[in-house]
Amino acid sequence: TMVRRVELGEGLVLSGGGGAGKTSALILIERRGRGLGIDHGYIGAGALFDELYRGRYEVLDRKVPLLMIDDLGTEYRAELAVSRFVDLINERWRFQRATVITTNLEWDQLAALPGMERVTSRLADRCARLWTFRKDQRKPVSVADWAEE
């Protein structure tokens, strides 16, 4: 069950192309966690790395049992922020705190990013990996949809 996975500090890495539903799945995990009373945090990778770079950790409760990070690999990757992200993932690994991550990158691509080899090693130890081959599900919006009637 989800509660048991969080208690064990297990997580999930959801990978796939844009529009495949990874963020939607993450939102469903968040809602399910909330419904089960699991304390959790949700943040986009860009915002997370920005906060880590600025040294503002208050946006993120590092000790939350379930941390969800959306779109890892899209962030601006200042060396200081990457170093702090490595520390964050190491801390979560050490204290067996569950982490769920979405990314458009394949595992090898993620591991090849500067500073991420240690992160992917830690994640591989505690996270199941799921790659979705779904095509982009987003529907284009037409300007005509916005026209007045």
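See the structure shown above.
Residues numbered from 1 in each chain as written. Predicted model: local features only at pLDDT ≥ 70, side-chain atom pairs only at ≥ 80, totals over all residues. Heavy atoms only, no water.

**Description of helix α6 (residues 116-126)**
Next up, step 1: Buried within α6 are the following residues: M116, V119, T120 and L123. Around the axis of α6, the buried residues are gathered within 95 degrees of arc, so they sit on the same side.
Next up, step 2: Along its buried surface, α6 packs onto β1 (11-16), β3 (66-72), α4 (79-94), β4 (98-103), α5 (107-112) and β5 (127-132). (Buried < 20%, exposed > 50% of the residue type's maximum accessible area, 1.4 Å probe, protein only. Helix = DSSP H or I, 4+ residues; strand = E, 2+ residues; numbered from the N terminus. Arc of directions from axis to C-beta. Contact = heavy atoms within 4.5 Å.)

**Considerations on the packing of aromatic side chains**
Where two aromatic rings form a pair, the distance of their centres and the angle of their planes describe that pair.
Next up, step 1: Going through the model one piece at a time under the given rule, you end up with one aromatic pair.
Next up, step 2: Both rings, one in F49 and one in F85, keep their centres 4.9 Å apart while their planes meet at 35 degrees; by these two values the pair is tilted. One end of the pair, F49, is in helix α3 (residues 45-54); the other, F85, is in helix α4, and 36 residues separate them in sequence.
Next up, step 3: F49 sits in the buried class, given a relative accessible area of 2%.
Next up, step 4: A relative accessible area of 0% means that F85 is categorised as buried.
Next up, step 5: One cation-aromatic arrangement involves R122 over W93; the distance from NZ or CZ to the ring centre is 4.0 Å.
Next up, step 6: A cation over a ring is seen here: R129 above W107, with NZ or CZ 4.2 Å from the ring centre. (Phe/Tyr/Trp six-rings, centres within 6.5 Å; stacked < 30°, edge-to-face > 60°. Lys NZ or Arg CZ within 6 Å of the ring centre and 35° of its normal.)

**Overview of the pattern of salt bridges**
Next up, step 1: Per the stated rule, a full pass over the model turns up five salt bridges.
Next up, step 2: R5 is the salt-bridge partner of E10, the closest N and O atoms lying 2.7 Å from each other.
Next up, step 3: On the basis of relative accessibility, which here comes to 29%, the residue E10 falls in the partly exposed class.
Next up, step 4: Put simply, R97 and E91 hold a salt bridge, and the shortest N to O gap is 3.5 Å.
Next up, step 5: Of the residues examined, R97 reaches a relative accessible area of 16% and is grouped as buried. (Salt bridge = Lys/Arg side-chain N within 4 Å of Asp/Glu carboxyl O.)

**Some remarks on the packing of α3 against α4**
Next up, step 1: At a closest axis distance of 8 Å, the pairing of α3 and α4 adopts a crossing angle of 105 degrees. The angle between α3 and α4 falls in the class roughly perpendicular. Between α3, through L48, F49, L52, Y53 and R54, and α4, the contact on the second element is made entirely by L80, A81, V82, R84, F85 and L88. (Axes fitted to C-alpha atoms, helices over the stretch in contact; angles between N-to-C directions. Parallel < 35°, antiparallel > 145°, perpendicular 65-115°, else oblique.)

**A look at the environment of N90**
Next up, step 1: Along the chain, the position of N90 falls in helix α4.
Next up, step 2: The spatial distance from the C-alpha of N90 to the C-alpha of R118 is 8.5 Å, given a sequence separation of 28 residues.
Next up, step 3: Not counting residues up to four positions away in its chain, the partners in contact with N90 are R118 and R122.

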